[in-house]
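Now for the letters of each chain:
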Amino acid sequence: MDINKGNVEAETQLFQAQAHVYKHVFNFLGSMSLKSALQLNIPDIIHSHGRPITLPKLLLALHIDPAKSSHLYRLMRLLVHSGFFSTVKVPKGDEEEVGYDLTPSSRLLLKDNVPSLFYLAQAMLHPAIVHSSEHLGDWFSSNEPTPFYTVYGMGCWDYVSQNKDFSGLFNEALISDSSMMNLVIKDCRSVFEGFNSLVDVGGGKGAASRVISESLPNLQCTVLDFPYVVENLQDSENLKFVGGDMFQSIPAGDAILLKLVLHGYGDEDCVKVLKKCKEAIASKGREGKVIIIDKVINEQKDERDVRDAKLFFDVMMMIMTNGREREEKEWEKLFLEAGFSHYKITSISGLRSLIEVYP
Ligand SMILES: C[S@@+](CC[C@H](N)C(=O)[O-])C[C@H]1O[C@@H](n2cnc3c(N)ncnc32)[C@H](O)[C@@H]1O
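Residues numbered from 1 in each chain as written. Predicted model: local features only at pLDDT ≥ 70, side-chain atom pairs only at ≥ 80, totals over all residues. Heavy atoms only, no water.

## Details of the domain arrangement of the protein chain
Think of interface size as the accessible area that goes away when the parts come together; that is how it is often given. Worth spelling out the cut-off: Annotation comment: domain bounds sourced from an automatic or database domain assignment.
Here the protein chain is described as being made up of domain 1 (3-106) and domain 2 (180-358). Summarising the inter-unit geometry, the C-alpha centres of domain 1 and domain 2 are found 38 Å apart.

Dropping the structure here:
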């Protein structure tokens, strides 16, 4: 091999590696830039403007000192680069200037839109999570249950129950996330049909159950969650709320829904909950089922953004809880250990899969 060519290749590789390292070292600045855009309400400002907004108009709408114009330009340049805004040319007299427009990602971050991930992004970028994530490395050589525990001295559900600011954001996050359930129900209506009753275990404020109960008025839905989560929630004709602990008791029903619950728990706890679910659907015989909406990691099949997001979620579960995102074979192991006989996984849009588990 030509020695010079070998040197050039090695050098190219070295500088590619340098860029790769810098990019990942600074990944947190991508998150923080997004956080500042949400804090400044930029997506909603562009949305209410009704058309692409120029930098001077954005500056005016934000009531920012004009001396910060070039700083705002640089923030917007990064957010355009990461796909949160786009630039278009807008006429200015005989000339043109640049206007910032929304992209599908920033549309999903509008505060009052449905569906919206505005509160989800706020919750995931909350100091409680960001601060705990800084302790991941130390945690590996400690005996604490989670990095979150290392920092706050309690588990995340205890923290949620004691911290109104975080729990408010967290609940809003789940409500907005569940608004995307409408799309899932439309596609998978048959999964919820043919039952008289459904128990939504760890159902939060009942956002998913509300969508299901409205779509299937003959189905009696019960939401089980911690008493502090369901207190003061109004029952309706086919939707009721029960305060309790799923490890103690799960109300009987024909089908059980577990949406984004098992990923918050380790395998042993999941098997305990699944066994309780099996008892709860026992009266429906072999026709009863457990419906799980959660992530299934499939590194070979998932496209890049989906795969990245699932792997990040997995590390976040490690920081906050003793839970995890699971691959199919890991799910299967839980189902078999809990005494179920078979299951069917259907990929639904986005990061989630719908898993039907049968006794
Ligand atoms: C990530 S949230 C998902 C909420 C809801 N299923 C949704 O998707 O919008 C997990 C929920 O499980 C509830 N949860 C966790 N452990 C529980 C337990 N031991 N008993 C009852 N609910 C529990 C939490 O309070 C929280 O509302």
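Here the narrative resumes, following the displayed structure.
## Side note on the packing of helix H16 (residues 267-280) against helix H18 (residues 328-337)
Put simply, the test is: Orientation is described by lines fitted to C-alpha atoms, with helices fitted over the stretch in contact, and by angles between N-to-C directions that extend from 0 to 180 degrees. Note on conventions: DSSP H or I runs of at least 4 residues are helices, E runs of at least 2 residues are strands, and numbering of each starts at the N terminus. Reported orientations rely on four angle classes, namely roughly parallel under 35 degrees, roughly antiparallel over 145, roughly perpendicular from 65 to 115, and oblique for the rest. For a crossing to be left-handed, the near helix must be turned anticlockwise from the far one by less than a right angle; the clockwise case is right-handed. We call two residues in contact whenever any of their non-hydrogen atoms come within 4.5 Å of each other.
Two numbers describe how H16 lies on H18: the axes approach to 9 Å, and their chain directions differ by 50°. In terms of orientation, H16 and H18 fall into the oblique class. Handedness of the crossing formed by H16 with H18: right-handed. On H18, the residues touching Asp 267, Cys 270, Val 271, Leu 274 and Lys 275 of H16 are Leu 334, Phe 335 and Glu 337.

## So, the sheet that holds strand S1 (residues 53-54)
Selection criterion: By definition, two strands form a pair when at least two bridges between them are found by DSSP.
Taken together, three strands build an open sheet; the order of strands is S1-S3-S2 and the sheet is antiparallel. Only two strands of the sheet have a single partner each, and these edge strands are S1 and strand S2 (85-92). As paired strands, S1 and strand S3 (residues 95-102) are joined by two bridges and run antiparallel to one another. Residue Thr 54 lies in a different strand from S3, and its bridge partner there is Gly 99. Across the sheet, helix H5 (residues 69-81) is in contact with S2 and S3; its angle to S2 comes to roughly 125°.

## Structural notes on the packing of aromatic side chains
Our working rule: When two rings of Phe, Tyr or Trp (its six-membered ring) have centres within 6.5 Å they constitute a pair, described as stacked for plane angles under 30 degrees, edge-to-face for angles over 60, and tilted for the intermediate range. Note on classification: 1.4 Å probe, protein chains only; a residue is buried when its accessible area is under 20% of the maximum for its type, exposed when over 50%, partly exposed between these limits. For a ring to carry a charge above it, either NZ of a lysine or CZ of an arginine must fall within 6 Å of the ring centroid while also lying within 35 degrees of the normal to the ring plane.
Enumeration over the complete set of coordinates arrives at 13 aromatic pairs. On the basis of an interplanar angle of 25° and a centroid distance of 6.1 Å, the ring pair of Phe 166 and Phe 170 is categorised as stacked. Here the residue Phe 166 and the residue Phe 170 both occupy positions in helix H12 (residues 164-179), the gap between them amounting to four residues, near one helical turn. A relative accessible area of 2% places Phe 166 in the buried class. Centre to centre, the rings of Phe 226 and Tyr 228 are 5.8 Å apart; their planes meet at 15°, and the pair counts as stacked. The class for Phe 226 is partly exposed, based on a relative accessible area of 26%. Taking the relative accessible area as the measure of exposure, Tyr 228 reaches 28% and is therefore partly exposed. Put simply, the rings of Phe 148, Tyr 152, Trp 157, Tyr 159, Phe 166 and Phe 170 touch in pairs and so form one group of aromatic residues. Seen from the ring of Trp 331, Arg 326 lies directly overhead, with NZ or CZ sitting 5.5 Å from the centre.

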